[in-house]
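Residues per chain are reported as follows:
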Amino acid sequence: MTVQQVKQAPGRVTSLDYVRGLAAFGILLYHFQSWTLGHMEAESFWGRIGLYGVAIFYVLSGLTLYHVYEARLQPKKASLTDFYLKRIFRLFPLLWLIMPVYLFIDPTLRDWDRILLNFTGLFGFVSWDKPIGVGVWSIGNELVFYLFFPLFLFAARFSRLAFAIVCLLIVGLGAYFAFYSINDAVPLAKQWRDYVNPFNQIFLFLGGVAIGYFTKYKALPALPLIGLLLAGIVVFIVSPASGNTVTLVTDWNRFIFSGTCLAVCFAMYKLPVTFPKVLHVPLHTLGEISYALYLLHPLVYNVVKFVARQLHFSPWVTIIVAIVVTVIASLLVYRFYEQRFIKLGQKVSKTITARLET
């Protein structure tokens, strides 16, 4: 592999694509195994990935947005319009593709207020525990984070003190949920509304912003970064926690496991690494299709499971077939659907912001 220690220009960071793709694939593997083989507890590696794979998404979201928009985003109408239009065209088209499928297969989803909130994305602000679709709650969280991102960025530009105060307030919110709001004696499923509250997750997003703020233009030695990366992975795997997965998101465990996510993202950001082609192509591709992989895999699994029952597949054959079909479907959706809307968003944003600037 090659390691580049250079000042990073705005744009995609290949090493972060690797992490994003692996996180999405890890969540897929967790779900397929738990849906096929049964629930996984806190001591299980996959049980931990099931929760903290999403946490890695949040850290990467804050970090990549800071990396790209640190110099570009300004407190001007045109600049903010550009930011939000591109986010809308990135997230909503795929949501609008999968939500009708869920409405079709689940006749109980006939609450029109809920449907309207989901199609507009407003559910993340007022009804974050009632998304339409498995995993869609995290997209609602992202939409809330996007509202706060310009505020975080402008605070960072104003002064280090202002940014530090914002960080303390947001981490304080996370501590409130970890130590008081969520009870480690009650199963997480019964406290799901508190757990998926965007204010319980936003410190992870801000952690990504902070990594970019403090290190974007700093070249750091590779060896300590590799050590930090390995330490983060080891602590994530061996840190003592057992029983219901609620133990992973309460008390000090919340910050230990979140810290490992921050450590991995920070190390991979500042290395950054480019693997040989035999590894780069699949990992980079997983990173590109990670959003489709994340949202499509529950739907694909339901189809594969139905077929598997008719053909009497073994559990592991069911899992393997579901993985293959999900990857292929995600690749096709990304190439022929998502990319078109990404390009359309860039075009629309360019046109509208040009008019606002004149």
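Residues numbered from 1 in each chain as written. Predicted model: local features only at pLDDT ≥ 70, side-chain atom pairs only at ≥ 80, totals over all residues. Heavy atoms only, no water.

If you check an unreviewed UniProt entry, the chain appears there as Acyltransferase from Pontibacter populi.

Of regular secondary structure, the chain possesses 14 helices and two strands. Expected size for 358 residues packed as a compact globule is a radius of gyration near 21 Å; at 20 Å, the chain falls within 12% of this value. A principal-axis box enclosing the C-alpha atoms of the chain has dimensions of 60 × 50 × 45 Å. Counting only residues that meet the buried cut, the chain has 52% of its 358 residues in that class. The contacts in the chain between residues at least 6 apart in sequence include a share of 80% that link residues at least 24 apart. (Helix = DSSP H or I, 4+ residues; strand = E, 2+ residues; numbered from the N terminus. Rg over C-alpha atoms; globule rule 2.2 N^0.38 Å. Buried < 20%, exposed > 50% of the residue type's maximum accessible area, 1.4 Å probe, protein only. Contact = heavy atoms within 4.5 Å.)

Of all hydrophobic cores here, the largest spans 102 residues; its most connected members are Tyr 52, Phe 149 and Leu 295. With 15 residues, helix H2 (residues 45-69) is the single largest residue contributor to this core. Excluding anything up to four places from it in sequence, Leu 295 contacts Leu 94, Leu 95, Ile 98, Tyr 102, Val 136 and Ile 139. (Core = buried A, V, L, I, M, F, W, Y, C linked by side-chain atoms within 4.5 Å.)

So, on to the UniProt feature "domain: Acyltransferase" (unreviewed entry) in the chain. As annotated by UniProt and renumbered to match this structure, "domain: Acyltransferase" (unreviewed entry) occupies residues 14-335. The span residues 14-335 is 78% helix and 1% strand, and its two end C-alpha atoms sit 18 Å from each other. (UniProt positions renumbered as here; feature names shortened; annotations may be inferred.)

This next bit is on the state of the cysteines. Under the definition given, this model contains zero disulfides. Unpaired in terms of disulfides, Cys 167 finds its nearest cysteine sulfur in Cys 265, a separation of 16 Å. With a relative accessible area of 17%, Cys 167 lands in the buried category. We note that Cys 265 lacks a disulfide partner, and the nearest cysteine sulfur, in Cys 261, lies 6.7 Å from it. We classify Cys 265 as buried; its relative accessible area is 0%. (Disulfide = S-S within 2.5 Å.)

The next thing to look at is helix H14 (residues 315-357). Maximum bend of H14: about 40°, positioned at Tyr 334. Looking only at H14, the buried set comprises Thr 318, Ile 319, Ala 322, Ile 323, Thr 326, Ser 330, Val 333, Tyr 334, Glu 338, Gly 345, Ser 349 and Thr 353. Where H14 is buried, its residues touch helix H1 (14-37), helix H3 (77-105), helix H12 (277-288) and helix H13 (290-311). (Bend = angle between axes of the 7 residues up to and from the residue.)

What follows concerns the packing of H1 against H13. Two elements in contact, H1 and H13, have axes whose closest approach is 9 Å; the angle formed by their N-to-C orientations is 20°. Taken together, the axes of H1 and H13 are roughly parallel relative to one another. When you trace H1 past H13, the crossing you get is right-handed. Residues Arg 20, Gly 21, Ala 24, Phe 25, Ile 27, Leu 28, His 31, Phe 32, Trp 35 and Thr 36 of H1 lie in contact with H13, whose contacting residues are Ser 290, Leu 293, Tyr 294, His 297, Pro 298, Tyr 301 and Lys 305. (Axes fitted to C-alpha atoms, helices over the stretch in contact; angles between N-to-C directions. Parallel < 35°, antiparallel > 145°, perpendicular 65-115°, else oblique. Left-handed = near helix turned anticlockwise from the far one by under 90°.)

Within this structure, the stated rule accounts for 35 aromatic pairs. On the basis of an interplanar angle of 45° and a centroid distance of 5.6 Å, the ring pair of Phe 203 and Phe 255 is categorised as tilted. Residue Phe 203 is located in helix H9 (residues 198-215), and its partner Phe 255 is located in helix H11 (residues 251-270); the two are separated by 52 residues in the primary sequence. Judged by its relative accessible area of 7%, Phe 203 is buried. The exposure class assigned to Phe 255 is partly exposed, which follows from its relative accessible area of 22%. It is Arg 193 that lies over the ring of Trp 128; its NZ or CZ is 4.2 Å from the centre. Lying across the ring of Tyr 269, Lys 270 places its NZ or CZ 5.1 Å from the centre. (Phe/Tyr/Trp six-rings, centres within 6.5 Å; stacked < 30°, edge-to-face > 60°. Lys NZ or Arg CZ within 6 Å of the ring centre and 35° of its normal.)

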